[in-house]
Amino acid sequence: MSRLAQTHGLTDVQREILSTVRDFVDKEIIPVATELEHRDEYPQDIVDGLKELGLFGLMIPEEYGGLGESLLTYALCVEEIARGWMSVSGIINTHFIVAYMLKQHGTREQKDHFLPRMAAGDIRGAFSMSEPALGSDVSAISSKAVRDGEEYVLNGQKMWLTNGGTSSLVAVLVKSDEGHPEGTAPHKSMTTFLVEKEPGFGEVRPGLTIPGKIDKMGYKGVDTTELIMDGLRIPANRVLGGVTGRGFYQMMDGVEVGRVNVAARGCGVAQRAFELGVRYAQQRHTFGKQIAQHQAIQFKLAEMATKVEAAHAMMVNAARKKDSGERNDLEAGMAKYLASEYCKEVVEDAFRIHGGYGFSKEYEIERLYREAPMLLIGEGTAEIQKMIIGRRLLEEYRFQG
Ligand SMILES: Cc1cc2nc3c(=O)[nH]c(=O)nc-3n(C[C@H](O)[C@H](O)[C@H](O)COP(=O)(O)OP(=O)(O)OC[C@H]3O[C@@H](n4cnc5c(N)ncnc54)[C@H](O)[C@@H]3O)c2cc1C
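Reference entry: report on the structure contained in this document. (Residues numbered from 1 in each chain as written. Predicted model: local features only at pLDDT ≥ 70, side-chain atom pairs only at ≥ 80, totals over all residues. Heavy atoms only, no water.)

Concerning the side chain of Arg83
Relative to the helices and strands, Arg83 is located in helix H3 (residues 71-84). Overall, the relative accessible area of 4% leaves Arg83 in the buried class. For Arg83, the side chain forms a polar contact with the side chain of Asp26, separated by 2.9 Å. (Helix = DSSP H or I, 4+ residues; strand = E, 2+ residues; numbered from the N terminus. Buried < 20%, exposed > 50% of the residue type's maximum accessible area, 1.4 Å probe, protein only. Polar contact = N/O pair within 3.5 Å; in protein donor to acceptor, adjacent residues only side chain to side chain.)

Right under this line is the structure:
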């Protein structure tokens, strides 16, 4: 059988990396994922395995000890990993975004200080824009940094940090008044701080508290937390890029590659749902034949596979565009939007094919059913993607009358 979601034009190195990751997923992730997820247990052995494979440094340049691979290679690895268990892709995703932001925007000293240990997986990254009162509307951020000599003092509350507990470096977006007088546009008065901390919960650094894990409906295993800054002192050399006021742009750059990533996760989860659906359809019999032999089920399988193929093609296109050095916000927005919506639909169809058994925790599809909705929200909701897509289309198709 020719497998779905093939990617043409890959190099030998890319093919080798992907085959290693796929093998790891089949042997080390799929057999344990559902059990760990039901226990909401952090997959330490899997993370150690990913470290060994060098996945934490996949896109970090070779001069810093990484593999220096492209966004496409990274996205295809994420797709494979999410096929095994979406939470594991969440563990590397925020790390990847922070490493990418450092690579693109960090000072030389910041790159030298963080990237080699990030490539080894010894420092792991989380990124923090959202607050209790906002997610989509980043311009409404109220956490603040005030300069005090060679330091900044940070106060405020952040929300929804993926890897908030397990990370040791958090890129935190706050408002900074220094050099940005009253009336400056909100997105020009935001700064990203590189906040180092101990992994764990409670007061992980003076002035910085990570309360416990947020209890979620799915996407378990990976920790999602709040972050409270109360007089947190950060040295001035930990402003990303060394200059205040650029945080919004730096974060948006990170989120743009993050969107390709979420699209890749949607592709991976949808592929797994298809695999589960097509297998079950050939095992279950009703009315004297396999349910796969009923045309209604074949139509479902056909729709599911078509969605898997379409989402994969758009995700690959968005990654390749970024790799070519071009702006890809339109393609990334479209890929993220389509892949997350299709993922939810493919998972729902696979769930329906399972009949009552889909509702049982014994079947993997039950986990996927609780995981897919997260993709509709993370890295910007469907409505936000459509706003980005719509604005970009009007730029491209401006009426010249
Ligand atoms: C499991 C999980 C992990 C996360 N991890 C991270 C993380 O690591 N770092 C981080 O910073 N954030 C993280 N987030 C936060 C996530 O990015 C936000 O939840 C998301 O951006 C949506 O923001 P919100 O929840 O505040 O919803 P809101 O912004 O309040 O939106 C609520 C609803 O209104 C809609 N809406 C909002 N504005 C408009 C508009 N202008 N037009 C039309 N509709 C609109 C939205 O689409 C949505 O349907 C995570 C969230 C979850 C659930």
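Alright, that's what it looks like, and here's the rest.
Concerning the site of the ligand
Among the 16 residues in the neighbourhood of the ligand, the closest are listed as Ser136, Trp160, Thr162, Thr381 and Glu383. Met129 has a polar backbone atom sitting 2.8 Å from an oxygen atom of the ligand. In isolation the ligand offers 970 Å² of accessible surface; the protein chains occlude 64% of this area. Listed by contribution, the elements that provide at least two residues to the shell around the ligand are strand E1 (125-128), strand E3 (151-162), helix H9 (364-377) and helix H10 (382-396). No other element matches E3, which puts three residues into the shell around the ligand. Here the residues of the shell around the ligand are counted per class, giving nine nonpolar, six polar and one charged. (Near = heavy atom within 4 Å. Areas by Shrake-Rupley, 256 points an atom, 1.4 Å probe, with all protein chains shown as cover. Nonpolar A, V, L, I, M, F, W, Y, C, P; charged D, E, K, R; others polar.)

Observations regarding the pairing of E1
Side chains Gly125 and Phe127 of E1 all project onto a buried face; the interleaved residues Ala126 and Ser128 project onto the opposite face, where all are buried too. Strand direction decides the pairing type here: E1 and strand E4 (residues 169-176), joined by four bridges, are parallel. Looking at E4, one finds that Gly125 is bridged to Leu169. (Pairing = 2+ DSSP bridges.)

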